[in-house]
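# Structural characterization, general
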Amino acid sequence: MVMLGLWCLLGGCRAVPPAPVELVELSALDPTLHFDIRYATAHNFTGRPLYAQARAFLQRPAAEALVRAHRALCQQGYGLVVYDAYRPWSVTRALWDAASSAARREGFVADPAVGSKHNRGCAVDVGLYALATGQEVPMPSGYDEFSERAKPTYPGGTAAARAARDTLRRALEAEGFTVSDQEWWHFDYRDWPRYPVLDVPFEALPRRAPKADVGAASCGYRAGGK
Ligand SMILES: C[C@@H](N)C(=O)N[C@H](C)C(=O)O
Ligand SMILES: [Zn+2]
């Protein structure tokens, strides 16, 4: 209430009140999530690492919603692979600078003049892994493949890849995420307007060990065994 009052005083009352910024490290929330943080490697469309650390964060409500989606997917034989989550604004600018004019025009990268929902800690890029093998599940396109095949409605590719893509989408939508029109892997959390665009580097965010009991009720497959 105090926060709402202050927000009204400072900015004029808009439709959505701000929410407290709390970036949560996803690996601490559920150790059975898999991570393939492409922007911490050269295996991304820019061809060079953009993060000094391979870490993934979301604002707490989005992080908890993602873990619920992961746990629901586990009942269907899948787990989530996280490619990217919170992204500092300066990295959005680097992606924009590296993108082709076609990729910019088609909306495959966010314009830094506006900022990305990733910058707010409210967007996540994810795929699926198979619980039985720990291997990534093929989708109709690769991650950050800026083509028609990336659209969540693309009708081509194999039936199995389309079914996996649709399973991913259903699980995230059930928890308050919306898929991008362009990218089957990109999901925005519903409360994104309540958070500011941030440019905090990963190195400035504290590392937290997973609590002993988290993940106990989660997926059966864990990288490196149990
Ligand atoms: C670059 C791609 N992985 C992505 O996240 N695109 C969206 C549009 C963004 O930059 O916010
Ligand atoms: Zn994204």
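In this text, all values refer to a predicted model and were calculated from it rather than measured experimentally.

Moving on, we get to the coordination of the zinc ion (ligand 2). Coordination of the zinc ion (ligand 2) by the protein is provided by His118 (NE2), Asp125 (OD) and His186 (ND1), with metal-donor distances spanning 2.0 Å. Around the zinc ion (ligand 2), the 4 donor atoms sit at angles spanning 90 to 134°, and that spread fits a shape best called tetrahedral. Here the donor residues of the zinc ion (ligand 2) share one chain and are spaced in sequence as H-x6-D-x60-H.

This part covers the UniProt feature "binding site: Zn(2+)" (unreviewed entry) in the protein. According to UniProt, the positions carrying the feature "binding site: Zn(2+)" (unreviewed entry) are His118, Asp125 and His186. Across 69 residues of sequence, these annotated residues stay compact in space, with a maximum C-alpha separation of 9.6 Å. Position of His118 among the secondary structure elements: in the loop between α5 (101–105) and β5 (123–130). Discounting chain neighbours no more than four positions away, the residues touching His118 are Asp84, Ala85, Tyr86, Arg87, Ala123, Val124, Asp125 and His186. Relative to the helices and strands, Asp125 is located in strand β5. A relative accessible area of 2% means that Asp125 is categorised as buried. Excluding its chain neighbours within four sequence positions, the residues that come into contact with Asp125 are Val81, Val82, Tyr83, Asp84, Arg87, His118, Tyr143, Trp185 and His186.

Those residues carrying the UniProt feature "active site" (unreviewed entry) are Glu183 in this numbering. Mapped onto the secondary structure, Glu183 falls in the loop between β6 (177–179) and β7 (186–189). Setting aside chain neighbours within four positions, we find Glu183 in contact with Gly107, Phe108, Phe146, Ala150 and Pro152.

Next up on the list: the sheet that holds strand β2 (residues 34–35). Across the sheet, which stays open at both edges, the 5 strands sit in the order β2-β4-β5-β7-β6 with mixed pairing between neighbours. In the strand order of this sheet, the two ends are held by β2 and β6, each with one partner. One ladder, built from 3 bridges, connects β6 with β7; its direction is antiparallel. Paired with Thr178 across the bridge in β7 is Asp188. Across the sheet, helix α3 (residues 60–74) touches β4 (78–84), β5, β6 and β7, and the angle it forms with β4 is around 145°.

On to the site of ligand 1. Looking at ligand 1, there are 14 residues lining it, with Tyr39, Arg87, Phe108, Ser116 and Asp144 nearest. A distance of 2.9 Å is found between an oxygen atom of ligand 1 and a side-chain nitrogen or oxygen belonging to Arg87. Here a nitrogen atom of ligand 1 sits 3.4 Å away from a polar atom, N or O, in the side chain of Tyr143. When ligand 1 is considered free in solution it has 320 Å² of accessible area, and contact with the protein chains removes 92% of it. When its residues are assigned to classes, the shell around ligand 1 shows 6 nonpolar, 4 polar and 4 charged.

About the criteria used
Residues numbered from 1 in each chain as written. Chains lettered and ligands numbered in written order. Predicted model: local features only at pLDDT ≥ 70, side-chain atom pairs only at ≥ 80, totals over all residues. Heavy atoms only, no water. Donors = N, O, S within 2.8 Å, 3.2 Å for Na, K, Ca; no water. Tetrahedral: all angles 85-135°; square planar, octahedral: opposite > 155°, others 65-115°. UniProt positions renumbered as here; feature names shortened; annotations may be inferred. Helix = DSSP H or I, 4+ residues; strand = E, 2+ residues; numbered from the N terminus. Contact = heavy atoms within 4.5 Å. Buried < 20%, exposed > 50% of the residue type's maximum accessible area, 1.4 Å probe, protein only. Pairing = 2+ DSSP bridges. Axes fitted to C-alpha atoms, helices over the stretch in contact; angles between N-to-C directions. Near = heavy atom within 4 Å. Polar contact = N/O pair within 3.5 Å; in protein donor to acceptor, adjacent residues only side chain to side chain. Areas by Shrake-Rupley, 256 points an atom, 1.4 Å probe, with all protein chains shown as cover. Nonpolar A, V, L, I, M, F, W, Y, C, P; charged D, E, K, R; others polar.

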